[in-house]
Amino acid sequence: MARRNSLPKVDVVCVGVGWAGGIMAAELAKAGLTVVGLERGGPRGVEDFAHGHDELRYAVDRELMQNVAAETWTLRHDVNDRALPIRRLGSFAPAYGVGGSGVSWAGQTWRFNPRDFEIRSRTVARYGAGMIPADMTIQDWGITYDDLEPYYDKFEYMAGISGKAGNIKGAKVPGGNPFEGPRSRDFPLPPLIESYAGSVFREAAAKVGYQPFPGPAGALSKPYTNPDGMSRPGCTYCGFTGHFGCHIGAKSDPTLTVIPTAQKTGRFELRTNAQVIEILHDGGRATGVRYYDASGAVRDQPADVVVLTAFTLNNCRLLLLSKMGEPYDPATGEGVIGRNYCYQSDGAGAMAYFKDKDFKPYMVACGSAIAIDDLNGDNFDHTGLGFIGGGLIKVGSNPTTPINAVLAPPGTPAWGLEWKKAIRKHYAHSLIIGAQGESPAYRGHYLSLDPTYRDAYGLPLVRITFDWEPNERKMVAYLGEKLKEIATAMNPDSFVAGGVLAEHYDGTQYQSTHNTGGVIMGADPRTSAVNNYLQMWDFPNTFVVGASAFPQNAGYNPTGTVGALAYRAVDGVLRYRDNPGPLA
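Conventions and cut-offs
Counting restarts for each chain, with residues numbered from 1 along the sequence as it is written. This being a predicted model, a pLDDT of at least 70 is required before a residue's local features are given, and a value of 80 or more before pairs of side-chain atoms are given or counted; all residues contribute to the totals for chains, interfaces and linings. With hydrogens and water excluded, all non-hydrogen atoms of the structure serve as input to the side-chain values. Among buried residues, the Ala, Val, Leu, Ile, Met, Phe, Trp, Tyr and Cys ones that are joined through side-chain atoms within 4.5 Å form a nonpolar core. Each residue is assigned to one of three classes by its accessible area relative to the maximum for its type, calculated with a 1.4 Å probe on protein chains only: buried under 20%, partly exposed between the two thresholds, exposed over 50%. Contacts are assigned to residue pairs with any non-hydrogen atoms lying within 4.5 Å of each other. Aromatic rings from Phe, Tyr and Trp, taking only the six-membered ring of Trp, are treated as a pair when their centres fall within 6.5 Å; an angle between ring planes under 30 degrees marks them as stacked, one over 60 as edge-to-face, and anything in between as tilted. By the criteria applied, helices consist of DSSP H or I runs no shorter than four residues and strands consist of E runs no shorter than two, each listed in order from the N terminus. A ring is considered to have a charge above it if a Lys NZ or an Arg CZ atom is located within 6 Å of its centre and within 35 degrees of its normal. Strand pairing is assigned whenever DSSP detects at least two bridges linking the two strands. Throughout, an axis means a line fitted to C-alpha atoms (over the contacting stretch in the case of helices), and angles, computed between N-to-C directions, take values from 0 to 180 degrees. By salt bridge we mean one thing: a side-chain nitrogen of Lys or Arg within 4 Å of a carboxyl oxygen of Asp or Glu. In this analysis, the expected span of each helix is defined as 1.5 Å times one less than the number of residues it contains. N or O atoms within 3.5 Å of each other form a polar contact, as long as, within protein, one can give a hydrogen and the other can take it, and as long as residues adjacent in sequence are counted only when both atoms are side-chain atoms.

A.B. asks: An account of the nonpolar core is needed here, citing residue identities and associated values.
C.D. replies: The tendency in soluble globular proteins is for nonpolar side chains to be buried as a group. Counting 140 residues, the largest nonpolar core has Phe201, Leu431, Ile433 and Met490 as its most contacted members. In contact with methionine 490, not counting residues within four places along its chain, are Val200, Phe201, Ala204, Ala352, Phe354, Leu431 and Ile433. Residues Ile132, Met136, Ile138 and Ile388 belong to the second largest nonpolar core, which totals eight residues.

Now the structure itself:
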């Protein structure tokens, strides 16, 4: 190991500088604390994407994502399997660089439903404890939607989210999501322009009896200046959204909002190409972090408060490497670090073809969607269905880019003349209905350190143990049948629809980067790693912020909830500063 160099102590050190790290840095620096942000990747900003419509570079070669040749993870489906390393990005793609996934995300910015935060108690109250499978370990979050609502609101106004409220202070608002929890006010910006595909879906969904609405989007429907004075232009509907950076800055992005806000204070220092390898501690209190800097030198950064704001897997891995908290053991069900790893159940979908409709699928805004929430969570009666949970149904949120997303029906040859004919026929005349299902927690789904494989620094990789379970298979099949009804109501010339999960979870095909759990929150230190301020139970000056805190994953994209939890964690750090010790 290179020579170690201890640096001057600061109030707070943040590990990872994306949405969570940027929010923590901005708010804590505004409150007068000195903050250092350590980001493992390099600097980047809107100026890097002025000519960024390069699908091969960003969506295929994944330039903005983690280099799995240097650090990856291993996967197994069961504790009896041998875990093997993922050698190229597949099912999910963690970002690498300043801004994290907030630079390359697709912009869908949902609030979780009130039921999602109290999933176990509400499920038992409505259906009885027998509705929950014996090996399913869903649990309440230790916080309610009402507790989190002010923080959701703060995130949406900082980021500039476009949408239409469906519930303001308990009063239902026509045109919005009728199932959402009460909001204190409407979105800061009106919805994005509705796509033609979205309009066709809206009409068909309403005809079947559902309640469509515009999905909340992290792209500006018009120019906007946020409460911190950060101004950005409106979206141009260029079609290059997820996996790409925005070339004009219309996408909600931490490099254009919270990070420059933090830097403006003069109390935030951003260090890039800084790979944190250990949290330093004395057994009950963190004293700082150890990292490799850009030159390869080992640095120790002392701090009064340590905040982990990295990707889900990395937050958990760093705690395991640092021997902080009791590692989870699925055999006994004891321990908390690594517990309740979850993902997203995305096996249902539909594709409809209309020979006389031109959907112009290359014109899409980041996060733009028309959605229904009728089949999500517990928004419908599950009596007799044999499963719990559901999913969000939507159209129009992803672009049809020319390499990765050309549209052709199943059974089309992968190359050659017939493939070309199918693309020419279907490209502009087809629409996709997507279903994003929730992912409940199970006793056998968890994160741990791999005993065999190591990264470029010689440290153990994180090992994922995860597979599809019968509950999710039934849920996805049910959603697939409902999609058939909607597709039929569209009256297309042809369609395919259904819902099925593969025999095993496939880590090679991209699905979403909605990985959750491993450092979960709750009200009981026996079953959670952090309290409702995301403060570790046994290391009170350590806060772990991100989707790693989710006890299970809902049928929504996680970013809005990550942002809300980060703002609440800010309050936790400030409370700890004034009165050091456990907050809950």
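A.B. asks: Tell me what's going on with the packing of aromatic side chains, and back it up with residues and numbers.
C.D. replies: Both the distance between ring centres and the angle between the ring planes are used here to describe each pair of aromatic rings. With the rule as written, the count across this model stands at 31 aromatic pairs. Ring centres 5.9 Å apart and planes at 80° place the aromatic pair tryptophan 110 and phenylalanine 213 in the edge-to-face group. In this pair, tryptophan 110 is assigned in the loop between α3 (101–104) and α4 (114–117) and phenylalanine 213 in strand β8 (residues 213–214), connecting sequence segments 103 residues apart. Considered together, tryptophan 110 and phenylalanine 213 belong to a single accessibility category, that of buried residues. By the ring-pair criterion, three or more aromatic residues cluster together here, those being Trp73, Phe92, Phe311, Tyr341, Tyr343, Phe466, Trp468 and Tyr505. The cationic tip of arginine 185 hangs over the ring face of tyrosine 157; the distance from NZ or CZ to the ring centre is 3.5 Å. Residue placement shows arginine 568 over the ring face of tyrosine 533; its charged tip is 4.0 Å from the ring centre.

A.B. asks: Describe the sheet that holds strand β16 (residues 348–353), with residues and values.
C.D. replies: Spatially, six strands are ordered β8-β17-β18-β19-β16-β22 in an open sheet, and the strand pairing comes out antiparallel. Each having just a single partner strand, β8 and β22 (494–499) make up the two edges of the open sheet. Sheet analysis places strand β18 (residues 391–395) next to strand β19 (residues 430–437), joined by five bridges and oriented antiparallel. Residue isoleucine 393 lies in a different strand from β19, and its bridge partner there is alanine 435. Strands β8, β17 (370–372), β18 and β19 of the sheet are contacted by helix α7 (residues 196–208), whose axis makes an angle of about 25° with β17.

A.B. asks: Can you explain the pairing of β19? Please cite residues and give values.
C.D. replies: Within β19, six of the eight residues are buried, which leaves it mostly tucked inside the rest of the structure. For β16 and β19, the ladder comprises five bridges, and the chain directions are antiparallel. From the neighbouring strand, alanine 352 faces β19, where its bridge partner is leucine 431.

A.B. asks: Summarise the pattern of salt bridges; cite the residues concerned and give the values.
C.D. replies: A pair can form between side chains of opposite charge whenever their charged atoms are brought close. Tallying each qualifying case throughout the model produces 29 salt bridges. The partner of arginine 57 in a salt bridge is glutamate 63, with the nearest N and O atoms 2.7 Å apart. Judged by its relative accessible area of 42%, glutamate 63 is partly exposed. Two residues, glutamate 485 and lysine 482, come together in a salt bridge whose shortest N-O distance is 3.9 Å. On the criterion of helical spacing, the pair formed by glutamate 485 and lysine 482 is a turn pair, its members being three residues apart in helix α11 (residues 470–489). Owing to a relative accessible area of 18%, lysine 482 belongs among the buried residues under this scheme. If you follow the salt bridges from partner to partner, you end up with Arg111, Glu149, Glu156, Glu180 and Arg183 in one network.

A.B. asks: Before we move on, could you go through α11 and cite the residues and values that matter?
C.D. replies: Helix length check: α11, at 20 residues, gives a terminal C-alpha distance of 29 Å against a target of 28 Å (1.5 Å per residue), a fit within 8%. All buried positions along α11 are accounted for by Asn471, Glu472, Met475, Val476, Leu479, Gly480, Lys482, Leu483, Ile486, Ala487 and Ala489. Next to the buried residues of α11 lie α7, β16, β17, β18, β19 and β22. Remark: asparagine 491 follows α11 within two positions and exhibits a positive phi of approximately 55°.

A.B. asks: With reference to specific residues and values, describe the environment of serine 162.
C.D. replies: With respect to the secondary-structure elements, serine 162 resides in the loop between α6 (145–159) and β6 (167–168). Once you skip the residues sitting within four places of it in the chain, serine 162 turns out to touch Phe187, Leu189, Pro190, Pro191, Leu192, Gly215, Pro216, Ala217, Ala219, Leu220 and Ser221. Polar contacts involving the side chain of serine 162 include one to the main-chain carbonyl oxygen of alanine 219, which spans 2.6 Å. For serine 162, the side chain forms a polar contact with the main-chain nitrogen of serine 221, separated by 3.1 Å.

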